[in-house]
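Residue-level listing of the chains:
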Amino acid sequence: MTDGFYPSHRHFTKLEPRSSKLLSRELSEWLCIPKQHMLTPFTIYLAAKHEEITNSFLDKCTVPKYTFIADGQIQVEEDFLIGAKPRAKKPEQKVVLNSETAWAVRVLIRLTHPVRTYLKQTQVSPKLHRRLFIMTGKGFGHPTGVRTTDMTGTSRTKFLNAESMVVMLGLTKADAKYLSDNLSVNSARDTSIVLKVIDHMD
């Protein structure tokens, strides 16, 4: 029996290689190849912890400098993120990470490191490996960039996010659907700001 990781369906957390037949989509997720819905929690978490982070910032955000060490360890050499905020008429913006978000970025880098290595080696999309948020296409499709609004704004992503919440968080289907329907980078930022104001008033 081989243990695997599958974020959406509990019965695929263990795989019988000889008896199970997997689609390429299922196998890619079992191998933890980065997909759009796997990246969604990172965007929400970063926005909730840093209210200056927006969709446009994350869409243009570059991966911090890091070194890949043996045994899957990552050493991040920068404690900040660099992104763009076109609406603010700034070519780039720096967001300094705290201990919690620095940990989240390290996990994200570990998840996407194999894809970055592939992109560097093939040079099909020379600048794509520098993006913080990248995913693979359908099944084992070619890596692409990600628009954060697409992670929570379509009917399919809402369904996938709700499905994952039911499995991973133990929510009811109704609660998961409500949360998924109202989940976005903007809502996370707004909620964070309101909570800080309430905390300051107390």
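Higher on the page you've got the structure.
Quick caveat, the model's predicted, so the values are computed rather than measured.

What counts and what doesn't
- Residues numbered from 1 in each chain as written.
- Predicted model: local features only at pLDDT ≥ 70, side-chain atom pairs only at ≥ 80, totals over all residues.
- Heavy atoms only, no water.
- Helix = DSSP H or I, 4+ residues; strand = E, 2+ residues; numbered from the N terminus.
- Buried < 20%, exposed > 50% of the residue type's maximum accessible area, 1.4 Å probe, protein only.
- Lys, Arg positive; Asp, Glu negative; His and termini not counted.
- Salt bridge = Lys/Arg side-chain N within 4 Å of Asp/Glu carboxyl O.
- Polar contact = N/O pair within 3.5 Å; in protein donor to acceptor, adjacent residues only side chain to side chain.
- Contact = heavy atoms within 4.5 Å.
- Phe/Tyr/Trp six-rings, centres within 6.5 Å; stacked < 30°, edge-to-face > 60°.
- Lys NZ or Arg CZ within 6 Å of the ring centre and 35° of its normal.
- Core = buried A, V, L, I, M, F, W, Y, C linked by side-chain atoms within 4.5 Å.

## Section: the side chain of Arg-189
- Structurally, Arg-189 can be placed in helix 8 (residues 185–201).
- The charged side chain of Arg-189 is buried without a salt bridge, its nearest counter-charge being Asp-190 at 4.7 Å.
- Within the structure, the side chain of Arg-189 is placed 2.7 Å from the backbone oxygen of Glu-51, a separation counted as a polar contact.
- Leave out the neighbours within four places in its chain, and Arg-189 touches Ala-47, Glu-51, Ile-53 and Thr-54.

## A word on the packing of aromatic side chains
- If you walk through the whole model with that rule in mind, you get zero aromatic pairs.
- The side chain of Lys-94 reaches across the aromatic face of Phe-80, ending 4.3 Å from its centre.

## A closer look at the nonpolar core
- The biggest cluster of nonpolar side chains holds 33 residues, and the ones touching the most others in it are Leu-39, Leu-46, Phe-57, Leu-58, Leu-81, Leu-132 and Phe-133.
- Those elements that place two or more of their residues in this core are helix 2 (36–49), helix 3 (55–60), helix 4 (99–122), helix 6 (155–169) and helix 8.

## Topic: the environment of Val-124
- Relative to the helices and strands, Val-124 is located in the loop between helix 4 and strand 7 (134–135).
- Accessibility expressed as a relative area gives 54% for Val-124, which makes it exposed.
- Each C-alpha atom of the pair Val-124 and Pro-143 lies 9.7 Å from the other, and the pair is 19 residues apart in sequence.
- With residues up to four places along the chain from it excluded, the contact list for Val-124 reads Leu-119 and His-142.

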